[in-house]
Amino acid sequence: MRLSAMGDVAMTVPVLRAFSKQYPEIKVTVISRPFFKPFFDGIPNLSFFAFDDKQRHKGFPGMLRLFRDLKRLEIDAFADLHNVLRSKIIRTLFAAIGVKTAYVDKARAAKKGLMRAENKIFKPLPTMFERHAKVFQQLGFPLQLSDPEFPAKPQLTGELLALTGQKHGKWIGMAPYAQYDSKVYPTDLMQHVIDKLSENSAYQIFLFGGKNETASLDAFAKAKGNITVVAGKINLTQELQLIANLDVMLSMDSGNAHIAAMLGIKVITLWGATHPYAGFLPFNQTMENALTADREKFPKIPTSVYGNKQVEGYEDAMRTISPDDIVEKIDAVLNTQYPILNT
């Protein structure tokens, strides 16, 4: 099976955990970039094949080498959970030698109906998790996703523990950024959320992001004692360990939401130009915890699947999500799981 981008990879993990539990006699090999290997650590009967798109598996000759490399694994079935040009080449080559193949249906026509400005068909589409499960069903392995199991919370040690300190109170993760501006909550409103949450001494807040976002995250933190910027300070394995110990994650419609969800963490998501009806609500999360822009004021939402389409006049759509509502939602999630905090 073939995987690529971070959000795409994270969304496969709960499905593969379900497969491993329900078909323990079947060995699965995941094909993806080496960076993503930690996502799959600890899943029984699963091995990882590193796809080298820089050298050995680069270009069409590299695809042929990849096919020859995979043939040595004596694969009985090929599940294409990405359905892009590279994965299509590999699955076509396997099909040509008689290996059973199946691929994910990305429902492009249905998504166009949901995204178009006029005559919009505003109804929820099947989730990506359901679509992934259907691929395995087509290969003869029906899956049940309604009773998921998640990995145990790892113990924090070494450099990571030195950064976080021992856990006291409730840990909140926040990932304020996304790939496209139309999915990013306005800076001033996010500052309000962070400031309000930091007033509760029982909350420890961790800010996640890329190395290029460190300065912006430091500005959000304002050097407050219960806010820690982890961007650029930990590797992916450590990041997964930290996220697994959170009590809640606040994220845009981005990969961080799917990473937290694959680890069994409660996730509150903020949606601007996109919408969870496109099938990207994080795994095992509720629509109540997906806060969306006001469609009465901005009826063309969702305007695109990934947020890469800018619509004139919709720049302030996310301002219709109240920062106080976000704070209240986080408080509610924590107080549902744990005793009410004294502030």
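These numbers were taken from a predicted model, which means no experiment stands behind them.

Calculation criteria
Residues numbered from 1 in each chain as written. Predicted model: local features only at pLDDT ≥ 70, side-chain atom pairs only at ≥ 80, totals over all residues. Heavy atoms only, no water. 1 Å grid on protein atoms, 1.4 Å probe; cavity = no way out; pocket = protein on both sides within 12 Å on 5 of 7 lines; lining within 4 Å. Points joined across faces, edges and corners; volume = space filled by probe spheres on them. Helix = DSSP H or I, 4+ residues; strand = E, 2+ residues; numbered from the N terminus. Nonpolar A, V, L, I, M, F, W, Y, C, P; charged D, E, K, R; others polar. Pairing = 2+ DSSP bridges. Right-handed = clockwise from strand over helix to strand, strands pointing away. Buried < 20%, exposed > 50% of the residue type's maximum accessible area, 1.4 Å probe, protein only. Contact = heavy atoms within 4.5 Å. Expected span 1.5 Å × (residues − 1). Phe/Tyr/Trp six-rings, centres within 6.5 Å; stacked < 30°, edge-to-face > 60°. Lys NZ or Arg CZ within 6 Å of the ring centre and 35° of its normal.

Participant: Could you clarify how one ought to interpret empty space enclosed by the protein in this entry?
Facilitator: Over the atoms rolls a probe the size of a water molecule, and its path tells where empty space is left. One pass over the structure, following the stated rule, counts one cavity of 30 Å³ or more. A volume near 40 Å³ is recorded for the largest cavity. Here the element with the most residues in the lining of the largest cavity is helix α1 (residues 6-22); it accounts for three residues. Grouping the amino acids of the lining of the largest cavity by side-chain chemistry returns seven nonpolar, two polar and no charged.

Participant: Would you mind going over the pairing of strand β4 (residues 100-103) with me for this structure?
Facilitator: Pairing analysis gives four bridges linking strand β3 (residues 77-80) to β4, with the strands arranged parallel. Opposite F78, over in β4, you have T101 as the bridge partner. With helix α3 (residues 85-96) bridging β3 and its parallel neighbour β4, the resulting β-α-β unit is right-handed.

Participant: Can you help me understand the environment of F60 in this one?
Facilitator: Position of F60 relative to the elements: it lies in helix α2 (residues 59-71). For F60, a relative accessible area of 51% corresponds to the exposed category.

Participant: Any chance you could explain helix α10 (residues 255-262) here in plain terms?
Facilitator: In an α-helix, one full turn covers 3.6 residues, which means residues spaced three or four apart are oriented alike. In terms of burial, α10 is a largely internal element, eight of the eight residues being buried. Taken residue by residue, α10 has G255, N256, A257, H258, I259, A260, A261 and M262 as its buried positions. Buried positions along α10 lie against α1, α5 (128-138), β5 (170-175), α9 (236-244), β8 (248-252) and β9 (267-271). At the C-terminal side of α10, G264 shows a positive phi close to 85 degrees.

Participant: Help me out: how do you make sense of α3 in this one?
Facilitator: In a regular helix each residue adds 1.5 Å, so twelve residues correspond to 16 Å; α3 covers 16 Å between its end C-alpha atoms and thus fits that length. When α3 is considered as a whole, its buried residues turn out to be S87, I89, I90, R91 and F94. Packing partners of the buried residues in α3 comprise α2, β3 and β4. One or two steps after α3, the chain reaches G98, where phi turns positive at roughly 90 degrees.

Participant: Looking at this structure, I do not really get the packing of aromatic side chains. What am I missing?
Facilitator: Think of a pair of aromatic rings as described by two things: how far the centres are apart, and how the planes are tilted against each other in angle. Following the criterion strictly, the structure yields 16 aromatic pairs and no others. Geometrically, the ring pair formed by F19 and F141 is edge-to-face, given 5.4 Å between the ring centres and 70 degrees between the ring planes. Here F141 lies in the loop between α5 and α6 (158-164) and F19 lies in helix α1, a separation of 122 residues in the sequence. Take F19: its relative accessible area is 3%, and that puts it in the buried class. In textbook terms, an aromatic cluster arises when at least three aromatic residues are bridged by ring pairs, as seen for F19, Y23, F136 and F141. Taking NZ or CZ as reference, R295 lies 3.7 Å from the ring centre of F122, over its face.

Participant: Would you take a moment to explain the layout of surface pockets for this structure?
Facilitator: Its volume calculated, the largest pocket comes out at about 1000 Å³. For the largest pocket, the lining is made up of 40 residues, of which M6, G7, S254, G255 and N256 are closest to its centre. Listed by contribution, the elements that provide at least two residues to the lining of the largest pocket are α1, α5, α9 and α10. When residues of the lining of the largest pocket are assigned to their parent elements, the largest contribution, four residues, is made by α1.

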